[in-house]
Amino acid sequence: MKHHAAFGLAMEDIDAVVVEDSKPMQTILRSILLSFKVARVRVFDSVDEALEASLAEPPNVILTDWRMAPTSGYQFLRLVRHRHMEPLCYVPILFITAHGTRPLVDKALRAGAHHVLVKPVSPSTLFKRLKWILADDRPMILENSGFYNIYGIQKAMDEQAEKMQSLAGARLHHRVATQKRAAVEGAVEAAFESKQEDPPKVFAGVKKEGTPQQHSAAAKHIRNAGFAPFKGLKLH
């Protein structure tokens, strides 16, 4: 196992290759790298030009776009990582792309890229990533496929994918539980409102609030007699 080509170097010792088919982006990246006081910056419009120059003089780090024609950044990565490309196969590669989707990042890292940055990239972010690469002590290993890769990267990516899947499952469970709770609360609320709207029932023998009490003819007669049913009777 061997460390990558930039491990342990100072920023001032770096020979950087930039592969970018956009002229404005070429200018930006060159300016940023030179502001870091790197030793050398070589810029190329295509993968073919960069590959030829890099084989003749291997750089310490490669910064490349992802979507390029006729050869893409991913194809460039696979070409560089093949064991027949030694010593170029040990050079760390950093992608700078406007399409930093999760599948793209996963594909790039699993194929041996050291980092993926999304455009527009700030000088401070690029500086931090380059400093991290210079201190990255993960060795490069030759896989059975004949390509070099970063030691432990497949396991790390599998663990991250498992965590993301677990998180997605937890979020789905929470969303379903929330929907069920909302449905139950809605049903309870609807039932309560329906109960409130029903007219109150009057049971036999119970006086209804606000309704005059009805009396029988016998009750009226007793009341009018002054509750003296024996009035007028002579006692002997």
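No experiment lies behind these values; they were computed from the predicted model shown.

A. Quick look at the environment of G100. Mapped onto the fold, G100 is located in the loop between β4 (93-97) and α4 (102-110). Sequence separation of G100 and K119 is 19 residues, and the distance between their C-alpha atoms is 8.4 Å.

B. A look at the side chain of S46. Note that S46 resides in the loop between β2 (40-44) and α2 (47-56). Separated by 3.4 Å, the side chain of S46 and the backbone nitrogen of E49 make a polar contact.

C. Structural context of empty space enclosed by the protein. Scanning all chains against the criterion turns up one cavity of 30 Å³ or more. The volume enclosed by the largest cavity comes to roughly 60 Å³. Taken together, A6, M11, I14, A16, L33, V38, V61, L130, I133 and L134 make up the full set of residues lining the largest cavity. Split into classes, the residues belonging to the lining of the largest cavity amount to 10 nonpolar, no polar and no charged.

D. Structural detail: the sheet that holds strand β5 (residues 115-118). Overall, parallel pairing links the five strands, which are arranged β2-β1-β3-β4-β5 in an open sheet. Here the strands that pair on one side only, and so sit at the sheet edges, are β2 and β5. Here the strands of the sheet are splayed against their neighbours by 20° on average, with no regard to which way each runs. Where strand β3 (residues 61-64) and β4 come together, three bridges link them in parallel fashion. Opposite I62, over in β4, you have I93 as the bridge partner. Packed onto the sheet, helix α1 (residues 23-35) meets β1 (15-19), β2, β3 and β4 and runs at close to 170° relative to β2.

E. Summary view of the packing of α2 against helix α3 (residues 73-81). Where α2 contacts α3, the two axes come as close as 11 Å, and the packing angle between them is 20°. In this view, α2 runs roughly parallel relative to α3, as classed from their interaxial angle. When the axes of α2 and α3 are compared, the crossing they make is right-handed. Contacts between α2 and α3 pair V47, A50 and L51 from the former with F76, L79 and V80 from the latter. Residue composition of the contact of α2 with α3, by class: six nonpolar, no polar and no charged.

F. Looking closely at the nonpolar core. Counting 31 residues, the largest nonpolar core has V19, I62, F76 and F95 as the members making the most contacts within it. For this core, the secondary-structure elements that each account for two or more residues are β1, α2, α3, β4, α4, β7 (148-150) and α6 (153-197). Broken down by element, the residue count for this core peaks at four residues, all from α2. Formed by 23 residues, the second largest nonpolar core is a distinct cluster that contains M11, L94, L126 and I133.

G. Region of the structure containing α4. All of the buried residues along α4 are L104, A108 and L109. Taken around the axis of α4, the buried residues stretch over an arc of 120°, which confines them to a single face. α4 presents R102 and P103 as exposed residues on the side facing more than 90 degrees away from its buried surface. G112 lies just past α4 and shows a positive phi near 115°.

Cut-offs and rules
Residues numbered from 1 in each chain as written. Predicted model: local features only at pLDDT ≥ 70, side-chain atom pairs only at ≥ 80, totals over all residues. Heavy atoms only, no water. Helix = DSSP H or I, 4+ residues; strand = E, 2+ residues; numbered from the N terminus. Polar contact = N/O pair within 3.5 Å; in protein donor to acceptor, adjacent residues only side chain to side chain. 1 Å grid on protein atoms, 1.4 Å probe; cavity = no way out; pocket = protein on both sides within 12 Å on 5 of 7 lines; lining within 4 Å. Points joined across faces, edges and corners; volume = space filled by probe spheres on them. Nonpolar A, V, L, I, M, F, W, Y, C, P; charged D, E, K, R; others polar. Pairing = 2+ DSSP bridges. Axes fitted to C-alpha atoms, helices over the stretch in contact; angles between N-to-C directions. Contact = heavy atoms within 4.5 Å. Parallel < 35°, antiparallel > 145°, perpendicular 65-115°, else oblique. Left-handed = near helix turned anticlockwise from the far one by under 90°. Core = buried A, V, L, I, M, F, W, Y, C linked by side-chain atoms within 4.5 Å. Buried < 20%, exposed > 50% of the residue type's maximum accessible area, 1.4 Å probe, protein only. Arc of directions from axis to C-beta.

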